[in-house]
Amino acid sequence: MKLYTYILVGMLCCAEVMSAADNPVTITTPTTALMVNAPEGGDLRLVYYGKNLGADGLGQLLETRNNLNRSLYPAFGDVTGGETALRVIHSDGNPTTELKISGVEQESLPDGTLTSINMQDRHYPFYVDVYYRSYDSSDVIETWTKITNNEKKPVTLTQYDSGTISFYRGDAWLTHLNGSWAAECNMVEEPLDWGMKVIKNKGGNRNGHGDHPEVMISLSGKPREDYGEVIGAVLSWGGNFKMRLDSDNNSVQTLFAGINEEAGEYVLEPGKSLMTPPLILTFSDEGKGGVSRNLHRYARLDGKLQKGNETRPILLNSWEGIRFDVSQEKMDEMMADFSALGGEMFVMDDGWFGEKYPRNNGSQGLGDWMIDRRKLPGGIAGLIKSAHDKGLKFGIWIEPESTNSRSELMEKHPDWALQTKNRNPHYGRGGTQLLLDLCNPKVQDMVVNMVDTLLSNNPGIDYVKWDMNVALSNYGSTYLKSDRQTHIYVEYQKGLNNVLERIKKKHPDVLFQACGGGGGRVSYAMMPYFGEFWVSDNTDALQRIFMQWGMSQFYPSNSMAQHVSEVPNQCTGRVTPFKYRFDVAMSGRLGLELIPSELTDEEKDMAKKAIGEYKGIRETVQTGDLYRLLSPYDGGPVTSLMYVSPDKRKAVFFAYKLQHFNNEILPHIKLTGLDPNKVYHVREINAGNRKHELDGKNVKGDVLMKAGLDPRLYSEYASRVLEFTEI
Ligand code: GLA
């Protein structure tokens, strides 16, 4: 239903207090409001984004001219000297654009509102529509643009951001994630100072290893977990992105966010449009924790994270245990042992396919998705039967966007890999890995058919780990026209989305994990198709605490795949206690990645108990509200976090020792998020020899939150998990 169109907008909101030309448009969520001024024939300007002040309060901002008053989608030509969100070379070569508002519409949707603000160039039939989509069930507003060329000839977009958000400088701080393979999601916090801060990715097909397109901007000084005004902004795009935080040498700073335009000029044919990816915005005055919870709630909405409001099975993945050394006997043994521990699903990782080029290492076979019968004579059906006989579900690893030069696929279709004209190929993993050309519809069909055949022929596959181990480093498509090669970054993502959409339609029940050579595919853009992310190939419990903390800023816990692995850890060589590894993995989606038969009897016993306990706390951990209590990034000896069920009847508390020194001062930790009036029964989970003193006691929420508790972490790599249940 349409709520109102252009002229009505001004009349509905604060008619008496505005100047004639003003046209305030308000977008609200349960507790936030975003207000723009969209006068017909004028410029689109941001008035306010923050706590909802009500119609009167918002009206006063415009009336008194006490507002941000920042151009919302500045185009090159419209602004002189300042940063821009859009740059267009028009069909006659004019490099400037002047956008003026031509209409506003607001439409009510079942769970929110869609606002579109239409703009047109003063001279050219060139249009930009700015969209805002708000949600009633989460404090999130998405914004994106539709850029349309109705000129007689093509225009070239040399910059095409999704949107901007401005804020007062004050003492603004930035929280963002960076890192690299096996060290993903490292959290950085820094003041936003003069000049411009740029966060970007140029990997082409995945953007979770280095800089992430997810930021928080704390408006009232150093970022705090539980208080202070914070804006959260996430660009839902899986390819090259750029986020610029520009001070513009004045009192207002602006975040510009969009597809990274570098080496990506996009030509729009007459009559064609480009939709930019959504920039997801949220605001909280309850600190970073508030922003995280808003985003987690949003991710769990229908249509966002796949199966977003469901819990995940406890799985054993074969990779760290046996690598490429797949065989029916080894799989059978792992499955039987895992089943005895109470596991729920077995996932066969890499190494199961290839005929002429068997996948015995990383240098061959990708693209040849036929089972290697030398390793698995009973085929996938045999594995599924074996899993089901042992009471386990079955999952499988694939990497469908990639190939190796040593593959039957490349012998048949050498033009299906991305390749640069007159240049030697850049190979990835194994010295032979190449990225397939998903710009090409034939390649898209091939990938869809491959995955569809695998899943249709084997309805017992309940889970797919979809990996992506090579960057887009060969800049050329045999499918795209020679003068459209710069579309490769955008067309690759569109092709990938098309593939994923088609597979999702056919196999909606299969749970997909996005892996990108570790955490390379941790991205909101992947969410509609993937229910979880492989956080990192680094499973060292101590380093994982830091990565999981970083990722939790933006991603809900049921999307974070956390596995208990062997020691010394395969990445860091560190030896941590079995309990510590379990306690760390149990704060997200628990899994195992080791050979169960290699565990000692004592470890098996502990694993069985921990898996059993996890089933009891899974709901709270995976679908509850996250409260981070003590950050590992603060440099102290202990870190702690907790989850509280939405009805506040259950909570689970985790605390981990990070450093160990003699006579160190250990923190007393105040819990958050509990109901102060409820009385909770405390039970320690995975308890060691010395149980926590609160185990078995009943304590009031108020006491736990005001007086706190001592986690009693006296030894190196000590950890505690406490469960709180309302009595
Ligand atoms: C990537 C993934 C690993 C594993 C291997 C298999 O590195 O991150 O978890 O699946 O590929 O080759």
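Draft legend 1. How the structure looks around the sheet that holds strand S4 (residues 45-51). In spatial order, the strands read S2-S3-S4-S5; together these four strands make up an open sheet with antiparallel pairing. The open sheet is flanked by strand S2 (24-28) and strand S5 (70-71), the only strands paired with a single partner. Pairing between S2 and strand S3 (residues 32-37): five bridges, direction antiparallel. Note on S3: the bridge partner recorded for Thr 28 is Ala 33.

Draft legend 2. Summary view of the environment of Leu 641. Within the secondary structure, Leu 641 sits in strand S33 (residues 638-644). Between the C-alpha atom of Leu 641 and that of Leu 722, which follows or precedes it by 81 residues, the distance is 11 Å. Those residues within four positions of Leu 641 in sequence are excluded, and the remaining contacts are Trp 549, Ser 587, Leu 626, Tyr 627, Arg 628, Leu 629, Val 652, Phe 653, Phe 654 and Tyr 656.

Draft legend 3. Spatial organisation of the site of the ligand. Taken together, 13 residues lie near the ligand, and Asp 349, Asp 350, Lys 465, Gly 518 and Asp 537 sit nearest. Asp 537 is positioned such that a nitrogen or oxygen atom in its side chain is 2.5 Å from an oxygen atom of the ligand. Starting from 310 Å² of accessible surface for the ligand in isolation, the protein chains cover 97%. In the shell around the ligand, the residues fall into four nonpolar, three polar and six charged.

Draft legend 4. Geometry of the sheet that holds strand S27 (residues 461-466). In space, the eight strands of this closed barrel follow the order S22-S23-S24-S27-S28-S29-S30-S31, with parallel pairing throughout. Neighbour to neighbour, the strand axes of the sheet diverge by 30° on average, direction disregarded. Relative to strand S31 (residues 589-593), strand S30 (residues 560-565) runs parallel, the two being bridged by five bridges. By the bridge assignment for S31, His 563 is matched with Gly 591. Contacting strand S23 (345-348), strand S24 (393-398) and S27, helix H6 (residues 379-389) runs over the sheet at an angle of about 145° to S24.

Draft legend 5. Quick look at unusual backbone geometry. Here the amide bond leading from Val 567 into Pro 568 is cis, since omega sits at -10°, within 30 degrees of zero. Here Pro 568 is to be found in the loop between S30 and helix H11 (578-585). For Tyr 717, which is not a glycine, the phi torsion comes out positive at approximately 55°. With respect to the secondary-structure elements, Tyr 717 resides in the loop between helix H13 (701-706) and strand S37 (719-726). Relative accessible area serves as the criterion here: at 16%, Tyr 717 is assigned to the buried category.

Draft legend 6. Representation of H11. Of all eight residues in H11, eight are buried, a share of seventy percent or more. Those residues of H11 that fall on the buried side of the exposure criterion are Phe 578, Lys 579, Tyr 580, Arg 581, Phe 582, Asp 583, Val 584 and Ala 585.

Draft legend 7. View of the pairing of strand S35 (residues 679-685). Pairing between S35 and strand S36 (residues 698-700): three bridges, direction antiparallel. If you follow His 681 over to S36, its bridge partner there is Asn 698. Where S35 lies against S37, six bridges are found, and the strand directions are antiparallel. Its bridge partner lying in S37, Tyr 680 is registered against Glu 726.

Draft legend 8. Geometry of the pattern of salt bridges. A full pass over the atoms with the stated rule returns 46 salt bridges. With a closest N to O distance of 2.7 Å, Asp 325 and Lys 330 form a salt bridge. A relative accessible area of 45% places Asp 325 in the partly exposed class. Each of the salt bridges in this network shares a partner with another, and the network as a whole consists of Glu 189, Glu 225, Lys 288 and Arg 628.

Draft legend 9. Examining helix H3 (residues 287-299) more closely. The terminal C-alpha atoms of H3, which comprises 13 residues, lie 19 Å apart, in line with the 18 Å expected from a rise of 1.5 Å per residue. Among all positions of H3, only Gly 287, Lys 288, Gly 289, Gly 290, Val 291, Ser 292, Arg 293, Asn 294, Leu 295, His 296, Tyr 298 and Ala 299 are buried.

Draft legend 10. Structural view of the side chain of Ser 552. Residue position: Ser 552 is located in helix H10 (residues 541-552). Beyond its immediate sequence surroundings of up to four residues, Ser 552 is in contact with Ser 292, His 296, Met 560, Leu 626 and Arg 628.

Draft legend 11. Up close: the environment of Asn 118. Take Asn 118: it is sitting in strand S8 (residues 112-121). A C-alpha to C-alpha distance of 47 Å links Asn 118 and Ala 651, two positions 533 residues apart in sequence. Setting aside its immediate chain neighbours within four residues, Asn 118 contacts Lys 100, Ile 101, Ser 102, Gly 103, Val 104, Val 128 and Asp 129. Within polar-contact distance, the side chain of Asn 118 engages the side chain of Asp 129 at 3.0 Å.

Draft legend 12. Examining the pairing of strand S9 (residues 126-135) more closely. Along S9, nine of the ten residues are buried, which leaves the element largely enclosed by surrounding structure. Bridge count for S8 against S9 is nine bridges, and the pairing is antiparallel. Bridging across to S9, Leu 114 finds its partner in Arg 133. What sits between the antiparallel neighbours S8 and S9 is a turn of four residues. Sheet topology note: the S9/strand S10 (residues 140-149) ladder contains nine bridges and is antiparallel. Note on S10: the bridge partner recorded for Arg 133 is Glu 142.

What counts as what
Residues numbered from 1 in each chain as written. Predicted model: local features only at pLDDT ≥ 70, side-chain atom pairs only at ≥ 80, totals over all residues. Heavy atoms only, no water. Pairing = 2+ DSSP bridges. Helix = DSSP H or I, 4+ residues; strand = E, 2+ residues; numbered from the N terminus. Contact = heavy atoms within 4.5 Å. Near = heavy atom within 4 Å. Polar contact = N/O pair within 3.5 Å; in protein donor to acceptor, adjacent residues only side chain to side chain. Areas by Shrake-Rupley, 256 points an atom, 1.4 Å probe, with all protein chains shown as cover. Nonpolar A, V, L, I, M, F, W, Y, C, P; charged D, E, K, R; others polar. Axes fitted to C-alpha atoms, helices over the stretch in contact; angles between N-to-C directions. Buried < 20%, exposed > 50% of the residue type's maximum accessible area, 1.4 Å probe, protein only. Salt bridge = Lys/Arg side-chain N within 4 Å of Asp/Glu carboxyl O. Expected span 1.5 Å × (residues − 1).

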